[in-house]
Every structure is written in structure tokens, then in C-alpha cells.
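Examination of the molecular architecture
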Amino acid sequence: MLSSTVYLHPRRTLTATWDLEPDVPRLVDYREHDPATKLDLLIPVDHEASVVVGCAHWFVHAYPSSSASNAMRRTFELEEVCGLDATIGTELECHHESPSGLTWNSLVVVAPDRLDLSGNNLSSGSAPISDLSVDIRLALLSTPPQSHAWVLCGRRGSRFIAVVISPQHVPSVILTHERDQDAPFERIVLSALDSIRTRFDLDIRHVMLFGDYLTVPMIDDLKVTLRRSDIKSTRLQPFRAVDSALDSSTAGKILSRAHVIAPIMSAAIPRLLL
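The rules behind these values
The numbers attached to residues start from 1 for each chain and follow its sequence in the written order. In view of the model being predicted, local features appear only for residues whose pLDDT reaches at least 70, and side-chain atom pairs are presented and counted only at 80 or more, with totals across whole chains, interfaces and linings using the full set of residues. Calculated side-chain values reflect all of the structure's heavy atoms, with hydrogen atoms and water omitted. Among the buried residues, those of types Ala, Val, Leu, Ile, Met, Phe, Trp, Tyr and Cys that are joined through side-chain atoms within 4.5 Å form a nonpolar core. With a 1.4 Å probe rolled over the protein chains alone, any residue whose accessible area is under 20% of its type maximum counts as buried; one over 50% counts as exposed, and the rest are partly exposed. Numbering goes from the N terminus for both helices and strands, where a helix is a DSSP run of H or I of at least four residues and a strand is a run of E of at least two. Two strands qualify as a pair provided DSSP detects at least 2 bridges between them. A contact between two residues is defined here by any heavy atoms of the two lying within 4.5 Å.

Digging into the nonpolar core
Core analysis: the biggest nonpolar cluster contains 50 residues, and Trp18, Leu132, Val163, Ile174, Phe239, Ile261 and Ile264 have the highest contact counts within it. Sort the elements by how many residues they give to this core and helix H2 (residues 131-141) lands first, with six residues. The next biggest cluster of nonpolar side chains, apart from the first, holds 26 residues, and it includes Ala183, Phe185, Leu202 and Ile219.

Here it is in C-alpha cells:
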């Protein structure tokens, strides 16, 4: 059974075809396209595709409330604060009880008014999902549960993202903000960790790095900086969980950029969960 991922990254559109029949999902095709290429030219007609969208098409909304189950407050936040129809639903929700007793709620929403996929012959299984949600799922799949909270930290487009993963191995807090282009990335990471300590009473000692504009040398330098603060850091490398039928040059290119292009694994995730 073949399945595809189409990743609508703002700089390029990526397509990946997966053979899901083997015990381990196998990547059998990978291509990069101009971002203006029409979807109906990229999605094979003989199998479903997972469509992953970049940060121009999703946002994170966070707010405190008296409890995680406060549906009325959630509807108010979506409709009155975000200006959305609350019936569209959220893609991902997570909750963290703060030291003050309030619950910090984080919602990931793919904004329908920012994305028009009409006329692309998408199947019912091809509803778009955010690259952020895929990144989070892959981080959880590629890392065993920890006895302490840790943070998935990086960028998608101009947005800096910090996702707290709880000892229960689920996301509990998602923070995003527009990145200051003049601030060094390591300073932004350290500032985010300080904010998490102060606001949520969490002492983070493990960071997983991912996302756009991060090269392997940059990550290596950042590891040294974080080590000075007694913080262990790793790179998101989910492709270790799958197989490849690609030539060694292409496979090596994918592995070196795994933290950037990880969302192309979206179509393989259901197979990894079996």
C-alpha cells in the first residue's frame, strides 16, 4: 500500500511516497518542487495523500482558565478572540496546571480562511494538518518517555516554538512568538527556557531542536551553549524509525536535514503507531 505526504513548506513543496506494507515504513520516492506547483499535479490519483501545511496556515492560541474542561471559555477564545467559528475544531489541544491553580490551555488551529485547497481533488482522508502537529508527534515517537519534562524547541518560518513535553509523554504547553531577527537563536532558546521555569515552575534540562533555518553546525554550536547551562540537547531525527529505498546520496541528504523536513513522514505515522 502506497501513501504520500505533500508538505506545503513556504520555500518549497516537498513530496514523499511511502510503502506501508513492510513491517517498517519504507520511503520510496522524495522530490522537491516550486511552491507554486498545483497540488493536483503532485498527489497521485491511486492513493491518498497527507497534506501538511506550513506556519502561514496555522496558529497557536494559549490562554489560562479555571479548568481544562471549560468548553464555554474555549468557545469564547476561538470565536471572540481568534475570530473563528468554534465548530471548525482544533487540531491539537494540551493543558498544564500552573502553580497558581489555573490551567494553561494551548490550541493549535489550521485557519480555513488562510488555506484554499478547493479544486485539488483531495480525498476525504487528505484534510490538511500543520507541520507543528506532525513535528510534535514525531518527537514523541522518536523519544522514549522521560521521568522529567523536556522541551521541543525550534522554528517554523518566522515563528519560534517551544513545546513542553510532560513526564506523561504528552505535550502540555505550546508557546510561539514571532522571532526577533536580530537576536541570536541561542539567546531566544535560553530566554524561552527561563520563561518556562518562571511561568510554569518547570526546570528543563533536556531540549530537542528542530525546524527551519537550523543547520547541523548551528545545532552543534547551540549544544555547546546549552551545555554551559547544564542542559542536554539533541536533534529531531525521526527517520531512524523508517527504511529507505532511495539512493544513498538522497537518503543522506534527507538524514542531514531531518530536523527541517521531518513532516514528510506524516503519511507513515499511522503505520508507526501499530
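Still more to cover.
Some points on the pairing of strand E3 (residues 26-33)
Summarising the sheet, strand E2 (residues 13-19) and E3 pair through seven bridges and their orientation is antiparallel. When the bridges of E3 are listed, Ala16 appears paired with Tyr30. Turn length for the E2-E3 hairpin, with the two strands adjacent in sequence and antiparallel, is six residues. Sheet topology note: the E3/strand E14 (residues 243-244) ladder contains two bridges and is parallel. Each bridged residue has a counterpart across the sheet, and for Arg26 the counterpart in E14 is Asp243.

Observations concerning the environment of Ser172
Within the secondary structure layout, Ser172 lies in strand E11 (residues 171-178). Each C-alpha atom, one on Ser172 and one on Cys94, is 5.0 Å from the other, the two residues being 78 residues apart in sequence. Each residue touching Ser172, except ones within four places of it in the same chain, is listed here: Cys94, His95, His96, Trp104, Val164 and Ser166.

Topic: unusual backbone geometry
One non-glycine residue, Asp201, adopts positive backbone phi at about 55 degrees. With respect to the helices, strands and loops of the structure, Asp201 is situated in the loop between helix H3 (185-200) and strand E12 (206-211). Notably, Tyr213 is not glycine yet its phi reads approximately 65 degrees, a positive angle. Tracing the chain through its elements places Tyr213 in the loop between E12 and helix H4 (216-228). Classification of Tyr213 as partly exposed rests on a relative accessible area of 42%.

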